[in-house]
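One-letter residues, chain by chain:
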Amino acid sequence: MNVTGQLSKKPNLLVAEDEVEIADIIEAVAEDLGFQVSCVYEGAQVVALVKKLAPDVIALDLRMPGADGVEIIRELAKMNCRAKIVLMSGMDQRTLSSVQNLGREQKLDIIATLAKPMSLDAIEKVFSPHSVIAERPQELPGSQKRQLVCGYGMQTVFEPDVSLTPEPDSAMPRLTVNLQWRKDDGETLTGAGLFSWAEKQGIGKGLAELLFRDTFCTWRTWSDNNFCPEISLKLDGFLLRDLEIPDILAQLTDFFQIDHSKIILEIDQKAISANSNLVRDILSRLRIKGFKLSVSLDGDGESFIPMLDSLPIDEIIVDLHSLPVGFASSATNMETEFVYSSLTSLARRKGMTVAARNVNRQDLHLFAKQCGFVRARGSQISSSLSVEDVIDYYAKDRTRQLNG
């Protein structure tokens, strides 16, 4: 019954999906439900069509050419979009949930998610409650120059990971990139201290881009010799405040013809906690672009556990540097092993892996195995290698590096 006199209008649905077959299926189901449907296949055209059509409902694929779902959500938030939004993706549910939370925090009405492949019943269940919508009042319309950094004094070194399990995927060679910088006064900076200094000097982003380019160029040279390892790059906290970072990384990897899944981006837990909304935006876009993501925990990770379902993380990294000598035979060993083993079990159920860093003693190496960690790195595994040493290292029998 048309009580208000405003319910007779067909609700408008905009389907933003680059796979024409999927768009056609959604269109057919939605039209049967009473929607007036428009389809768009290019991400870069979505926002303009939203402004033009003022749809009641938007079905938005996260991975589209021209602009990804997170970029589109950001623009829809800026224009105060009041449409109901359904997110669609063939990626894992954690990524969908991450983007859903991101959109809701930006006051968008994200009503549901659809994971591909999707059934006809699932499509109908999501859209049928919104097939009759009262007509709304008209909505009100609502490069930075990069630093150039001289490479003098910069040295890139690589820290090998080792597999702790017989699983084939974990046996793939992986190298963690570490940057060292020698200042004019002879002081050598590395790690977080280096990027903190670089940020204060106004060259942080330029230094990071230089590291990315140098690393990817090196990988390209290795691949020409049939060596194609995974590369783990640490993203300092200030980079997670820069919305250009996902595009910069994607452009560079594409330029050097590197599969995005070969790149693991390591983020510190503190950086995630510092600005969760902005970080979720960037992490979601990185994940949508095909990069793998890992989080390095503070302590035993208890405070991070509630975030596991809302962030698109592939791997958790536990730092073992604080465990004292003789730890394996101490009374607290069993309790700590239980905590880490529980974390490993929980992560595995959620499709993640757990790795260890700063494995600098044999007892820590054994402890990491006992806890079920998939990978480990540290001086017990290998010292850092120069570019020239990497190929030679992997050409030799690696069991020699593990001290039995």
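Description of the structure in this document. All values reported here derive from a predicted model rather than from experimental measurement.

A short note on the packing of aromatic side chains
The tally for this structure, following the rule as stated, stands at nine aromatic pairs. Judged by centre distance (5.1 Å) and plane angle (65 degrees), the ring pair of Phe-158 and Trp-222 falls under edge-to-face. Here Trp-222 lies in helix α7 (residues 204–223) and Phe-158 lies in strand β6 (residues 154–163), a separation of 64 residues in the sequence. Taking relative accessible area as the criterion, Trp-222 reaches 4% and is therefore assigned buried. Geometrically, the ring pair formed by Phe-227 and Tyr-394 is tilted, given 5.1 Å between the ring centres and 40 degrees between the ring planes. With Phe-227 in the loop between α7 and β9 (230–235) and Tyr-394 in helix α13 (residues 387–395), this residue pair connects regions lying 167 residues apart in the sequence. Taking relative accessible area as the criterion, Tyr-394 reaches 15% and is therefore assigned buried.

Side note on the pairing of strand β11 (residues 292–296)
Counting buried residues in β11 gives four out of five residues, a clear majority hidden from the surface. In terms of strand pairing, strand β10 (residues 263–268) meets β11 through five bridges, oriented parallel. Within β11, the position partnered with Glu-266 by the bridge is Ser-294. Of the strand pairs in this sheet, β11 and strand β12 (residues 315–319) are connected by three bridges, and their pairing is parallel. Residue pairing across strands places Ser-296 opposite Ile-317, the latter belonging to β12.

Quick notes on the layout of surface pockets
Computed from the structure, the largest pocket encloses a volume of approximately 500 Å³. Mapped by element, the contributors of at least two residues to the lining of the largest pocket are β7 (174–182), α6 (191–200), β9, β10 and α9 (269–274). Of the residues assigned to the lining of the largest pocket, the class counts are twelve nonpolar, five polar and seven charged.

A few points about helix α12 (residues 362–370)
Taken together, the buried positions of α12 are Asp-363, Leu-364, His-365, Phe-367 and Ala-368. Looking at the packing, one finds that the buried side of α12 touches α11 (333–349) and β13 (353–357). Of the residues one or two after α12, Gly-372 is the one with positive phi, at around 85 degrees.

Considering a negative patch on the surface
On the surface, a cluster of negative charge is made up of Glu-31, Asp-32, Asp-121 and Glu-124. Those elements that provide at least two residues to the negative patch are α1 (20–32) and α5 (120–127).

Quick word on the environment of Ile-272
Considering the arrangement of structural elements, one finds Ile-272 in helix α9. Take Ile-272: its relative accessible area is 2%, and that puts it in the buried class. Considering only alpha carbons, one finds Ile-272 and Val-295, 23 residues apart in sequence, at a separation of 8.8 Å. When neighbours within four sequence positions are excluded, Ile-272 is seen to be in contact with Ile-267, Val-279, Leu-283, Val-295, Phe-304, Met-307 and Leu-311.

Re the nonpolar core
Side chains of nonpolar character tend, in soluble globular proteins, to be buried together. Ranked by size, the top nonpolar core spans 74 residues in total, and within it Leu-283, Leu-320 and Phe-373 carry the most contacts. Core analysis: the next-biggest nonpolar cluster, separate from the first, contains 27 residues, Val-46, Val-50, Ile-58 and Leu-60 among them.

Here's the deal with the environment of Asn-80
By the secondary structure assignment, Asn-80 is in the loop between α3 (69–78) and β4 (84–89). C-alpha separation for the pair Asn-80 and Lys-107, spaced 27 residues apart in sequence, amounts to 8.1 Å. At 2.4 Å, the side chain of Asn-80 forms a polar contact with the side chain of Arg-82.

Some details on helix α8 (residues 245–255)
When we look at burial in α8, the residues that qualify are Ile-245, Pro-246, Ile-248, Leu-249, Ala-250, Leu-252 and Thr-253. Looking at the buried residues of α8, the elements they touch are α7, β9, β10 and α10 (276–288). Directly beyond the C-terminal end of α8, a positive phi value near 55 degrees is found at Gln-257.

So, the environment of Glu-302
For Glu-302, the location among the structural elements is in the loop between β11 and β12. Classification of Glu-302 by relative accessible area gives exposed; the value is 59%. Between the C-alpha atom of Glu-302 and that of Val-339, which follows or precedes it by 37 residues, the distance is 8.9 Å.

Observations regarding the pairing of β7
Within β7, seven of the nine residues are buried, which leaves the element mostly enclosed by the surrounding structure. In terms of strand pairing, β7 meets strand β8 (residues 188–190) through three bridges, oriented antiparallel. Note on β8: the bridge partner recorded for Gln-180 is Thr-190.

Some details on the side chain of Gln-100
The topology assignment puts Gln-100 in helix α4 (residues 93–105). Residue classification places Gln-100 among the buried positions, given a relative accessible area of 13%. With near-sequence residues (within four places) excluded, Gln-100 lies in contact with Leu-87, Ile-110, Ala-112 and Thr-113.

Thresholds applied
- Residues numbered from 1 in each chain as written.
- Predicted model: local features only at pLDDT ≥ 70, side-chain atom pairs only at ≥ 80, totals over all residues.
- Heavy atoms only, no water.
- Phe/Tyr/Trp six-rings, centres within 6.5 Å; stacked < 30°, edge-to-face > 60°.
- Helix = DSSP H or I, 4+ residues; strand = E, 2+ residues; numbered from the N terminus.
- Buried < 20%, exposed > 50% of the residue type's maximum accessible area, 1.4 Å probe, protein only.
- Pairing = 2+ DSSP bridges.
- 1 Å grid on protein atoms, 1.4 Å probe; cavity = no way out; pocket = protein on both sides within 12 Å on 5 of 7 lines; lining within 4 Å.
- Points joined across faces, edges and corners; volume = space filled by probe spheres on them.
- Nonpolar A, V, L, I, M, F, W, Y, C, P; charged D, E, K, R; others polar.
- Contact = heavy atoms within 4.5 Å.
- Patch = residues over 30% accessible without salt bridge, like charges linked within 9 Å, V, L, I, M, F, W, Y side chains within 5 Å.
- Areas by Shrake-Rupley, 256 points an atom, 1.4 Å probe, with all protein chains shown as cover.
- Salt bridge = Lys/Arg side-chain N within 4 Å of Asp/Glu carboxyl O.
- Lys, Arg positive; Asp, Glu negative; His and termini not counted.
- Charge placed at Lys NZ, Arg CZ, Asp CG, Glu CD.
- Core = buried A, V, L, I, M, F, W, Y, C linked by side-chain atoms within 4.5 Å.
- Polar contact = N/O pair within 3.5 Å; in protein donor to acceptor, adjacent residues only side chain to side chain.

These figures come from the coordinates and say nothing about function on their own.
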